[in-house]
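Listed below are the residues making up each chain.
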Amino acid sequence: MQKNLRMSLSKRDSKTIWHPLTQHKTAKLPLAISKAKAALLYDENGKEYIDAIASWYTAMYGHCNDYILESAFKQMQTLDQVVFTGFTHEPAVKLAEELLSILPKNQAKVMFNDNGSTSVEIGIKMALQFHHNNNDKRDTLLAFENGFHGDTFGAMSVSGLSVYNGPFDDHFLKVVRIPTPDGTNNAEVLKQLNALIETHNIAGFVYEPLVQGAAGMKMYDAQGLNEILKICKTNKIITVADEVMTGLGKTGTYFASLNIKELPDVICLSKALTAGLVPMGITTCSQDIYDAFLDDNVGKGLFHAHTYSANPIACATALAGLELLQTQEIKEQQAYIIKAHGEFLNKISAHPKVLNPRQSGVILAFEMDVEMERYGNLRNKLFQFFMDKGVYLRPLGNTIYILPPFVITEAQLKAVYSAILEALESFS
Ligand SMILES: *Cc1c(COP(=O)(O)O)cnc(C)c1O
């Protein structure tokens, strides 16, 4: 392959790279980002962008955070990588201890992997094999209609946003679905759930607690979810909370599940857990789940591994992130963002183009009520509008949402709000 170094990075990229989630026939060339610091991204021409979604909710403590970098570098010089079957190491043990100290109190065991989809995949396997080990024949999973749980087959199966999954429809696990409870339809949702339990052998329920990220930061009723979880418990349906997006401080508590009385059996984590530096995923479970895999028969164990499970550098990085999450400084930043979001929502909620203004912790979202047809691809136009203003937001259809790094400054957050106000005036 001949390299032409005078070509822009974007051009060179287009000659060799197949990007995720991209239709290359119609997509614009990708923007080359050359560096990042705190809440800012810089492109190859030096233009800066406020990363108002923390690079898919990973870089919550800021990009290239000195403490995170130091922790990773220190670990790198001591132990870089080792097989995690038959071996253990301090960063993994410390991370597990630290995580369990803030997770819902029924969580007892930590299994490592390296991304959000596989953390869900393991959750699904725990639910299915739990019943298999107990000689209870259960072949179906339960999920919400608009959930998103990742792009591996198990995770795709439970995801309800099927727009992109069509080609694989015939190859999915057996899944039945219920709508999310919104406070007005709760009785109907529970009725559907009970009917499904009558007619199917449901092994597990996989759900995003309180906020469905990819569905457009759709927020739903905590009380309704609590009722669903209660019915699942009564029927021995293993509850798997996908906190890949909501986990680690997004909803105002360390985990969204802490806002719900009924605790999940299994919790899936990734994204912010990585502290924005090294891929990392974790699936935790209660003692009951773990115990169902203990047997003299080896085959009853959970035979799932990834080569990089519990990579020491990823563990040290995640641990540094957990330490920061619990500092006064980050707590004050969270409180500031939550208050500022509330004030901004108050300000825009009466705007004729703002629909469903909503907030959960540091997540703010609303729909823009404009004629989609008039704008052709509104989403792409909004995206470009914000980028031109130096703000990286990633609208989902006509849903605009902010999920900023905890370390965003007051001036930066105000710049994000201003860009949104300008968008409300410019698209009508
Ligand atoms: C991002 C996400 C996933 C998938 O995580 P990956 O690391 O991209 O595989 C799963 N569940 C939820 C709720 C997510 O937001």
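Residues numbered from 1 in each chain as written. Predicted model: local features only at pLDDT ≥ 70, side-chain atom pairs only at ≥ 80, totals over all residues. Heavy atoms only, no water.

The name an unreviewed UniProt entry assigns to the protein is Adenosylmethionine-8-amino-7-oxononanoate aminotransferase, from the organism Croceibacter atlanticus. You can read under Function (unreviewed entry) in the UniProt record for the protein the words "Catalyzes the transfer of the alpha-amino group from S-adenosyl-L-methionine (SAM) to 7-keto-8-aminopelargonic acid (KAPA) to form 7,8-diaminopelargonic acid (DAPA). It is the only aminotransferase known to utilize SAM as an amino donor." Recorded in UniProt for the protein, the comment headed Pathway (unreviewed entry) runs: "Cofactor biosynthesis; biotin biosynthesis; 7,8-diaminononanoate from 8-amino-7-oxononanoate (SAM route): step 1/1." (UniProt positions renumbered as here; feature names shortened; annotations may be inferred.)

Novice: I'd like to hear about the UniProt feature "binding site: substrate" (unreviewed entry) in the protein, residue by residue, with values.
Specialist: Per the UniProt entry, the sites bearing "binding site: substrate" (unreviewed entry) are W56, K271 and R394 in this numbering. Take K271: it is sitting in the loop between β11 (266-269) and β12 (281-286). Judged by relative accessible area, K271 falls into the partly exposed class, the value being 22%. With near-sequence residues (within four places) excluded, K271 lies in contact with W56, Y57, T58 and V244. Looking at where R394 falls in the secondary structure, it is placed in the loop between β15 (391-392) and β16 (399-402). For R394, the contacting residues outside a window of four places in its chain are L21, I53, W56, R379 and Y401. (Helix = DSSP H or I, 4+ residues; strand = E, 2+ residues; numbered from the N terminus. Buried < 20%, exposed > 50% of the residue type's maximum accessible area, 1.4 Å probe, protein only. Contact = heavy atoms within 4.5 Å.)

Novice: Which residues make up a nonpolar patch on the surface, and what values go with them?
Specialist: Together, L21, W56, V163 and Y164 line one region of the surface with nonpolar side chains, adding up to about 520 Å² of accessible area. Along the chain, V163 turns up in the loop between α6 (153-158) and β6 (175-178). (Patch = residues over 30% accessible without salt bridge, like charges linked within 9 Å, V, L, I, M, F, W, Y side chains within 5 Å. Areas by Shrake-Rupley, 256 points an atom, 1.4 Å probe, with all protein chains shown as cover. Salt bridge = Lys/Arg side-chain N within 4 Å of Asp/Glu carboxyl O.)

Novice: Could you give an account of the environment of E70, with specific residues and numbers?
Specialist: Within the secondary structure, E70 sits in helix α3 (residues 66-76). Separated by 247 residues in the primary sequence, E70 and T317 have C-alpha atoms spaced 9.0 Å apart.

Novice: Describe the site of the ligand, and please don't skip the residues or the numbers.
Specialist: Around the ligand lies a shell formed by N115, G116, S117, F148, H149, G150, E208, D242, V244, M245 and K271. Here an oxygen atom of the ligand and a backbone polar atom of G116 are 2.8 Å apart. A distance of 2.7 Å separates an oxygen atom of the ligand from a polar atom in the side chain of K271. Taken by itself the ligand offers 380 Å² of open surface, and the protein chains cover 80% of this. Each residue belonging to the shell around the ligand can be placed in one class, and the counts come to three nonpolar, five polar and three charged. (Near = heavy atom within 4 Å. Polar contact = N/O pair within 3.5 Å; in protein donor to acceptor, adjacent residues only side chain to side chain. Nonpolar A, V, L, I, M, F, W, Y, C, P; charged D, E, K, R; others polar.)

Novice: I'd like a rundown of the packing of helix α4 (residues 90-102) against helix α10 (residues 312-325), residues and numbers included.
Specialist: One way to put it is that α4 packs onto α10 with a least axis distance of 9 Å and a crossing angle of 30°. The element α4 and its partner α10 pack so that their crossing is left-handed. Taking contact as the criterion, the partners of P91, A92, K94, L95, E98, L99 and I102 in α4 are, on α10, P312, C315, A316, A318, L319, L322 and L325. (Axes fitted to C-alpha atoms, helices over the stretch in contact; angles between N-to-C directions. Left-handed = near helix turned anticlockwise from the far one by under 90°.)

Novice: Explain the packing of α3 against α10 to me, and be specific about the residues and the numbers.
Specialist: Relative orientation of the contacting elements α3 and α10 amounts to 150°, with a least axis distance of 8 Å. Between α3 and α10, the crossing angle belongs to the class labelled roughly antiparallel. The interaxial crossing formed by α3 with α10 has right-handed handedness. The segment α3 lies against α10, with Y67, I68, S71, A72, Q75 and M76 engaging P312, I313, A316, T317, A320, G321, E323 and L324. Looking at the contact of α3 with α10, its residues break down into nine nonpolar, four polar and one charged. (Parallel < 35°, antiparallel > 145°, perpendicular 65-115°, else oblique.)

Novice: Tell me what's going on with the sheet that holds strand β7 (residues 202-207), and back it up with residues and numbers.
Specialist: Ordered by their spatial adjacency, seven strands build an open sheet running β4-β12-β11-β10-β7-β5-β6, and the pairing between neighbours is mixed. Taken across any chain shown, the strands that pair with only one partner, and hence form the sheet edges, are β4 (107-113) and β6. Across the sheet, the mean angle separating the axes of adjacent strands is 20° when strand polarity is ignored. Sheet topology places β7 next to strand β10 (residues 238-242); four bridges connect them, and they run parallel. Residue G204 lies in a different strand from β10, and its bridge partner there is I238. Running at roughly 135° to β4, α4 makes contact with β4, β11 and β12 of the sheet. Across the sheet, helix α8 (residues 222-234) lies against β5 (140-144), β6, β7 and β10, angled at about 160° from β7, the strand it touches most. (Pairing = 2+ DSSP bridges.)

Novice: How would you summarise the sheet that holds strand β2 (residues 40-43) if you had to cite specific residues and measurements?
Specialist: Strand pairing within a sheet occurs via backbone hydrogen bonds; the two strands may be parallel or antiparallel. Pairing is mixed in the open sheet, where four strands are placed in the order β1-β2-β3-β15. Each having just a single partner strand, β1 (33-37) and β15 make up the two edges of the open sheet. One ladder, built from four bridges, connects β1 with β2; its direction is antiparallel. Among the inter-strand pairings, A36 is bridged to a residue of β2, identified as L41.

Novice: Hey, could you go over the pattern of salt bridges for me, with residue numbers and the actual values?
Specialist: Within this structure, the stated rule accounts for ten salt bridges. Its salt-bridge partner being K37, residue D66 comes within 3.2 Å of it at the nearest N-O pair. With D66 in helix α3 and K37 in strand β1, the pair connects residues that are 29 residues apart, well separated along the chain. Measuring nitrogen to oxygen at the nearest pair gives 3.8 Å for the salt bridge that ties K230 to E227. Here E227 and K230 lie together in helix α8, a separation of three residues that amounts to about one turn. Taking relative accessible area as the criterion, K230 reaches 37% and is therefore assigned partly exposed. On the basis of relative accessible area, E227 is assigned to the partly exposed category, the value being 26%.

Novice: Give a description of the packing of aromatic side chains that names residues and reports values.
Specialist: The geometry of an aromatic ring pair is captured by the separation of the ring centres together with the interplanar angle, meaning the angle of the planes. Across all of its chains, the model carries twelve aromatic pairs by this definition. Between Y57 and Y401 the ring centres are 6.4 Å apart and the planes differ by 65°, which places this aromatic pair in the edge-to-face class. Of the two residues, Y57 sits in helix α2 (residues 54-57) while Y401 sits in strand β16, which places them 344 residues apart along the sequence. Note on accessibility: Y57 and Y401 belong to one class, buried. Through pairs of rings, three or more aromatic residues link up here, namely F144, F205, Y207 and Y220. A cation sits over an aromatic face here: K109 above Y290, 4.6 Å from the ring centre. The ring centre of F385 lies 4.6 Å from the NZ or CZ of K389, which sits over that ring. (Phe/Tyr/Trp six-rings, centres within 6.5 Å; stacked < 30°, edge-to-face > 60°. Lys NZ or Arg CZ within 6 Å of the ring centre and 35° of its normal.)

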